[in-house]
Amino acid sequence: APLEVGQLVAEVVDHFRAAFERPFTVEVPRERVWVRGDRDRLEQVLVNLLENAHKYSASEEPIVVTVERFHNEARIHVKDHGIGIPGADQSQVFQRFYRARNVSHRNFGGLGLGLFISHSIARLHGGGLTMRSAEGQGSTFTLGLPRMAPHDVKRLPHRLLLLDEDRAQEAAA
Ligand code: ATP
Ligand code: MG
């Protein structure tokens, strides 16, 4: 189904804000960013990334979520200032049951499945999930999804496109 990424992200982050006492920032472009996908699964990817960002960083540190149009892609970046991932582990964190050495000996719970599942979901949508991290400094996970072509966006049902006008008005106000 057609999904507007800015709205999806804002909704999921609102749940995290309500559940955890810590700063979350959302940066969304003025223009709507449409993708086609399975809402529940994409929500699950966001939850996994936010859960990790929350779990692997101190509670006063902000988590920054950014939505971006990048060529034919919608990109969602989840950035934390937490423990980061050691260089030697970075190529493996998307593997099933893999946990980096700087978490396995501490009391962070987890199986090492969240990123494996998230990566699979991204691929099933024709997109990808990538990561940049520095140990002790933080991590940024980026979910990339193919954007809907402008021609297809124009043909969306009116009730969906009304969202566009709402945001246009917000931006103009
Ligand atoms: P769960 O199955 O509950 O998600 P998990 O969080 O350990 O367990 P993944 O989400 O798959 O598993 O992440 C795999 C590993 O990647 C983690 O164990 C951790 O070592 C590392 N990791 C993932 N996200 C971050 C992050 N934001 N900061 C630091 N390390 C991370
Ligand atoms: Mg996890």
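Where an unreviewed UniProt entry is consulted, the chain appears under the name histidine kinase, with the organism given as Pseudomyxococcus hansupus.

Thoughts on the overall build of the chain
In terms of regular secondary structure, the chain is built from 7 helices and 7 strands. The C-alpha radius of gyration of the chain comes to 17 Å, within 12% of the 16 Å expected for a compact globule of 173 residues. C-alpha extents for the chain along the principal axes are approximately 55 × 35 × 25 Å. The buried share of the chain, taken over its 173 residues, is 31%. A sequence separation of at least 24 residues applies to 68% of the contacts in the chain between residues at least 6 apart.

Quick notes on the packing of helix α1 (residues 5–19) against helix α2 (residues 39–55)
It is the contact of α1 with α2, at a shortest axis distance of 10 Å, that shows an interaxial angle of 45 degrees. Here α1 lies oblique to α2, going by the angle between them. In terms of crossing hand, the pair formed by α1 and α2 is right-handed. Only L42, E43, L46, V47, L50 and H54 of α2 make contact with α1, whose side of the interface consists of L8, V9, V12 and F16. Classifying every residue of the contact of α1 with α2 gives 8 nonpolar, 1 polar and 1 charged.

A few points about the sheet that holds strand β2 (residues 24–27)
Hydrogen bonds along the backbone pair up the strands of a sheet, which may run parallel or antiparallel. Read across the open sheet, the 5 strands follow the order β2-β4-β5-β7-β6; overall the sheet is mixed. Single-partner strands in this sheet number two, and they are β2 and β6 (128–134). On average, each strand axis in the sheet is tilted by 15 degrees relative to the strand beside it, whichever way the strands run. By the bridge criterion, 8 bridges tie strand β5 (residues 73–80) to strand β7 (residues 138–146) in an arrangement that is antiparallel. When the bridges of β7 are listed, V78 appears paired with F141. Against the sheet, α2 touches β4 (63–70), β5 and β7, its axis set at about 20 degrees to β5.

Observations concerning the site of ligand 1
Taken together, the neighbourhood of ligand 1 is formed by 22 residues, with R99, A100, G110, G114 and L115 sitting nearest. Elements with a minimum of two residues in the shell around ligand 1: α2 and α5 (114–124).

Some words on the packing of α2 against α5
α5 packs onto α2 with a crossing angle of 145 degrees between their chain directions and a minimal axis gap of 9 Å. Note that α2 runs across α5; the crossing there is left-handed. Here R41, Q44, V45, N48, L49, E51 and N52 of α2 lie close against α5, whose contacting residues are G114, L115, I117, S118, I121 and A122. Looking at the contact of α2 with α5 residue by residue, the classes come out as 6 nonpolar, 5 polar and 2 charged.

Let's talk about the pairing of β6
With 7 bridges joining them, β6 and β7 adopt antiparallel strand pairing. For R132, the partnering residue across the bridge sits in β7 and is T140. Where β6 folds back on β7, the antiparallel hairpin that results is connected by 3 residues, among which G136 adopts a positive phi of roughly 80 degrees.

Cut-offs and rules
- Residues numbered from 1 in each chain as written.
- Chains lettered and ligands numbered in written order.
- Predicted model: local features only at pLDDT ≥ 70, side-chain atom pairs only at ≥ 80, totals over all residues.
- Helix = DSSP H or I, 4+ residues; strand = E, 2+ residues; numbered from the N terminus.
- Rg over C-alpha atoms; globule rule 2.2 N^0.38 Å.
- Buried ≥ 20, exposed ≤ 12 C-beta atoms within 10 Å, placed from the backbone.
- Contact = placed C-beta atoms within 7 Å.
- Axes fitted to C-alpha atoms, helices over the stretch in contact; angles between N-to-C directions.
- Parallel < 35°, antiparallel > 145°, perpendicular 65-115°, else oblique.
- Left-handed = near helix turned anticlockwise from the far one by under 90°.
- Nonpolar A, V, L, I, M, F, W, Y, C, P; charged D, E, K, R; others polar.
- Pairing = 2+ DSSP bridges.
- Near = placed C-beta within 6 Å.

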